[in-house]
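Observations on the model geometry
Chain residues, written in single-letter form:
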Amino acid sequence: PRGDCVMAEQLCLSDSTCNATYKILENCALAKTHLLPLDHDSRVRCLNAEFDLGNSSLLHCKCHRRMKRQEHCLRVFWTVHSSMTDGYFSLETSPYENPANEEHWKTDYNKLAALVSGSQLAGDVTNPCLKATHVCNLSKKCVRLRTEYASICTKGAGIEDTCDRRRCHRGLRNFFEKVPEDFTKRILFCPCQDEFCGERRRKTIVPDCSFQSNAKPNCLWLLDSCLEDHICKSQLADFQQNCQPADTSPDGCSLHNHAACLQAYMGMIGTPMTPNYISNSSVEVSLWCTCESSGNEKEKCDQILSMFESNKCL
């Protein structure tokens, strides 16, 4: 059975043959992370080591989005699959377990939403973004983690980039990972009919700190930053797998699972490749980057940007 990668690593390390193969793969992954060029013999040794794992549990292990040792688990996954990211940025497969196989939290969202609808506290409940926020405020965990990231991300935001972006991103990831999707999805994807609502939706992630900066970096630089970070790399692989567009499909998605695509999109928030809405009058999203001055890598850069800007599935 497909176990998690932390358990699979422990099993492997207790077996001398598997242990030796795994050590080779660790060196291969390290070289790849630091963008060190491997000579022909080293590349062959890395591929052979991956092949030698055969049908071991290590080769087929996955991680859970909300597991305790998620970063460790992801490091193991990419150690074993480091050769798959050769050349083009397509990451082939997500390290995460299929959402359908993961436990879904039972939440009291509907009960809290009914309380909001039945009270005068809600103010204008025709604004779905405002209503979603009021419902969040009635949940201890949701309001605590939302207040946490908001206070970090608003400190110094907009004043020549003096906000602590890394801490802001960590706070956002905490919110989207630890608060049930019943709450987070409604806050981020609330359907708006007017620009007041749209502006509230656009500012959900405090974009002055988490998204924008004085100058737009090149999208290839964003991608490099992402591939050096196990969590970002994993979320990007998950996004590429679940939001793969297909022109012939009625819903625009090759996997026909729109919910999984939205979940994968949420996973990108709080990473170096954090996306956001580009205005308060549409649901178009983008990365904060540009493809100007990309030289002969312009096509690759445009593809990175188009995964968000013109992705029919998303």
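Just above sits the structure.
Note that the structure is a prediction, hence the values are computed from the model and not measured.

Moving on, we come to unusual backbone geometry. At Val206, a residue that is not glycine, the phi angle is positive and equals roughly 50°. Looking at the secondary structure, you find Val206 in the loop between α10 (195-202) and α11 (207-210). Overall, the relative accessible area of 12% leaves Val206 in the buried class. Here Ser293, not a glycine, exhibits a phi torsion of approximately 60°, which is positive. Inspection of the secondary structure assignment puts Ser293 in the loop between β2 (285-287) and α15 (298-309). On the basis of relative accessible area, Ser293 is assigned to the exposed category, the value being 78%.

So, on to a positive patch on the surface. Where like charges cluster on the molecular surface, the positive patch consists of Arg66, Lys141, Arg144 and Lys178. Note that Lys141 resides in helix α7 (residues 140-154). A relative accessible area of 39% means that Lys141 is categorised as partly exposed.

Let's shift gears to the environment of Trp288. Checked against the element boundaries, Trp288 lands in the loop between β2 and α15. In the structure, Trp288 is positioned 75 residues away from Ser213 in sequence and 8.0 Å away in space, judged by C-alpha atoms. With near-sequence residues (within four places) excluded, Trp288 lies in contact with Phe211, Gln212, Ser213, Ala215, Lys216, Pro217 and Leu222.

How each quantity is defined
- Residues numbered from 1 in each chain as written.
- Predicted model: local features only at pLDDT ≥ 70, side-chain atom pairs only at ≥ 80, totals over all residues.
- Heavy atoms only, no water.
- Helix = DSSP H or I, 4+ residues; strand = E, 2+ residues; numbered from the N terminus.
- Buried < 20%, exposed > 50% of the residue type's maximum accessible area, 1.4 Å probe, protein only.
- Patch = residues over 30% accessible without salt bridge, like charges linked within 9 Å, V, L, I, M, F, W, Y side chains within 5 Å.
- Areas by Shrake-Rupley, 256 points an atom, 1.4 Å probe, with all protein chains shown as cover.
- Salt bridge = Lys/Arg side-chain N within 4 Å of Asp/Glu carboxyl O.
- Lys, Arg positive; Asp, Glu negative; His and termini not counted.
- Charge placed at Lys NZ, Arg CZ, Asp CG, Glu CD.
- Contact = heavy atoms within 4.5 Å.

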